[in-house]
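Each chain, letter by letter, is given below.
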Amino acid sequence: TYLADHRVFDEVVVPGACYLSMLLSAGDLLGYESCRIEDVFFLAPMTLKEGEERTVQAVLTPDDGGYTCQLVSMPAKAETEEMVSHVTARIAAGAAGRSAETSLAAAKGRCQTAVEPEELFASLQGIEFGPAFRWIEELRAGQREVVARLRAPAALGDTDGYWFHPTLLDACFQ
């Protein structure tokens, strides 16, 4: 799976983008045309050993105009280990209509410095992105902003079933 392509200090670590992708899918299941994810706290990493499986559950509790969320995991087969809480957040319907759009042409004009994607990946000490996380095809930097051209890597395979695929969201964070 694509998770094996996300390593931190040689351990497979589920990326934060996976949790956010789950929350976006929850918003879709709740019928939100758009949604806001607020007050996100990453409490504990989920590391996976070779062949290990964990069951992940999203617990949503209605609150004033939205839901508080907790993402927890437990071993897929063993009953002795307790649940681990990985993320807490709040999800609510997004604002009606569209927000102000930024001109791509204007952003490209401000981002004049070409950066090789491999330079970016090499600069991230301790984090290894395997083929499924290599969406960045072209990268241009400006002051406090970047513009990237992304393309789904062939190594990723099928992306059906995701409202916003975690590796795409992670590429946006890279």
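About the cut-offs
The written sequence of each chain sets the order in which its residues are numbered from 1. Per-residue local features are limited, in this predicted model, to residues with pLDDT of at least 70; the limit for side-chain atom pairs, both in listing and counting, is 80 or more; totals at the level of whole chains, interfaces and linings are taken over all residues. Values reported for side chains reflect all heavy atoms of the structure, with hydrogen atoms and water molecules removed beforehand. A run of H or I in DSSP becomes a helix once it reaches four residues, and a run of E becomes a strand once it reaches two; helices and strands are each numbered from the N terminus. Between buried and exposed lies partly exposed: a residue is buried under 20% and exposed over 50% of the maximum accessible area for its type, with that area taken using a 1.4 Å probe on protein chains only. Computed with the Shrake-Rupley method and a 1.4 Å probe, the accessible areas treat only the protein chains shown as cover for residues. The charged-residue count follows a simple rule in which Lys and Arg add positive charge and Asp and Glu add negative charge, with His and chain termini not counted at all. The atom standing in for a charge is NZ when the residue is Lys, CZ when it is Arg, CG when it is Asp and CD when it is Glu. Residue types Ala, Val, Leu, Ile, Met, Phe, Trp, Tyr and Cys, when buried and joined through side-chain atoms within 4.5 Å, form a set referred to as a nonpolar core. In what follows, residue pairs with any heavy atoms lying within 4.5 Å of each other are defined as contacts. Just to be clear on terms, a salt bridge is a Lys or Arg side-chain nitrogen sitting within 4 Å of an Asp or Glu carboxyl oxygen. Each Phe, Tyr or Trp ring (for Trp, its six-membered ring) is paired with any other whose centre lies within 6.5 Å, and the angle between the two planes then decides the class: stacked below 30 degrees, edge-to-face above 60, tilted in between. We call a charge positioned above a ring when the Lys NZ or Arg CZ atom is no farther than 6 Å from the ring centre and deviates by at most 35 degrees from the ring normal.

Engineer: Explain the overall build of the chain here, please?
Structural biologist: Assigned secondary structure in the chain consists of four helices and eleven strands. Each principal axis of the C-alpha atoms in the chain carries an extent, and together these give about 55 × 40 × 30 Å. Every one of the 174 residues in the chain was classed for burial, and the buried ones make up 33%. Accessible area for the chain stands at about 11,100 Å²; split by element, carbon and sulfur atoms hold 52% of it. Both charge centroids of the chain, one from 14 positive and one from 26 negative side chains, sit 7 Å from each other.

Engineer: Is there a simple way to think about the nonpolar core in this case?
Structural biologist: Nonpolar side chains in soluble globular proteins tend to be buried together. If you look at the biggest cluster of nonpolar residues, it comprises 25 residues, and the most contacted ones within it are Tyr-2, Leu-3, Val-14, Tyr-19, Leu-23 and Leu-48. Looking at this core, the elements that each hand over two or more residues are α1 (16-29), β6 (66-75), β7 (84-93) and α4 (166-173). Those residues in contact with Tyr-19, other than ones at most four positions away along the chain, are Val-14, Phe-42, Ala-44, Pro-45, Met-46, Leu-71, His-86 and Val-87.

Engineer: Looking at this structure, how should I read the pattern of salt bridges?
Structural biologist: Evaluated as defined, the whole model comprises nine salt bridges. Salt-bridge contacts for Arg-90 lead to Glu-38; the nearest nitrogen and oxygen are separated by 3.2 Å. Placement of Arg-90 in strand β7 and of Glu-38 in strand β3 (residues 35-42) is noted, with a sequence separation of 52 residues between them. The exposure class of Arg-90 is buried, given its relative accessible area of 15%. On the accessibility criterion, Glu-38 (25% relative accessible area) is partly exposed. One salt-bridge network, in which partners are shared between bridges, spans Arg-36, Glu-38, Asp-63 and Arg-90.

Engineer: Just checking my understanding: could you explain the environment of Val-84 for this structure?
Structural biologist: Examined against the element boundaries, Val-84 turns out to sit in strand β7. Note: C-alpha distance between Val-84 and Ala-44 (40 residues apart in sequence) is 7.6 Å. When near neighbours in sequence (up to four residues on either side) are disregarded, Val-84 contacts Ala-44, Arg-54, Leu-71, Val-72 and Ser-73.

Engineer: Just to check I follow, could you spell out the packing of aromatic side chains for this structure?
Structural biologist: Taken as a whole and judged by the stated rule, the model has five aromatic pairs. Note on Tyr-2 and Tyr-162: the rings are 6.4 Å apart at their centroids and 75 degrees apart in plane angle, and the pair reads as edge-to-face. Placement of the pair is Tyr-2 in the segment before β1 (6-8) and Tyr-162 in the loop between β11 (146-150) and α4, with a sequence separation of 160 residues. Assessed through its relative accessible area of 16%, Tyr-2 is described here as buried. Arranged with centres 6.4 Å apart and planes meeting at 50 degrees, the rings of Tyr-19 and Phe-42 form a pair that is tilted. Here Phe-42 lies in strand β3 and Tyr-19 lies in helix α1, a separation of 23 residues in the sequence. Put simply, the rings of Tyr-2, Phe-121, Phe-129, Phe-133 and Tyr-162 touch in pairs and so form one group of aromatic residues. Sitting over the face of the ring of Phe-121, Arg-134 holds its NZ or CZ atom 4.0 Å from the ring centroid.

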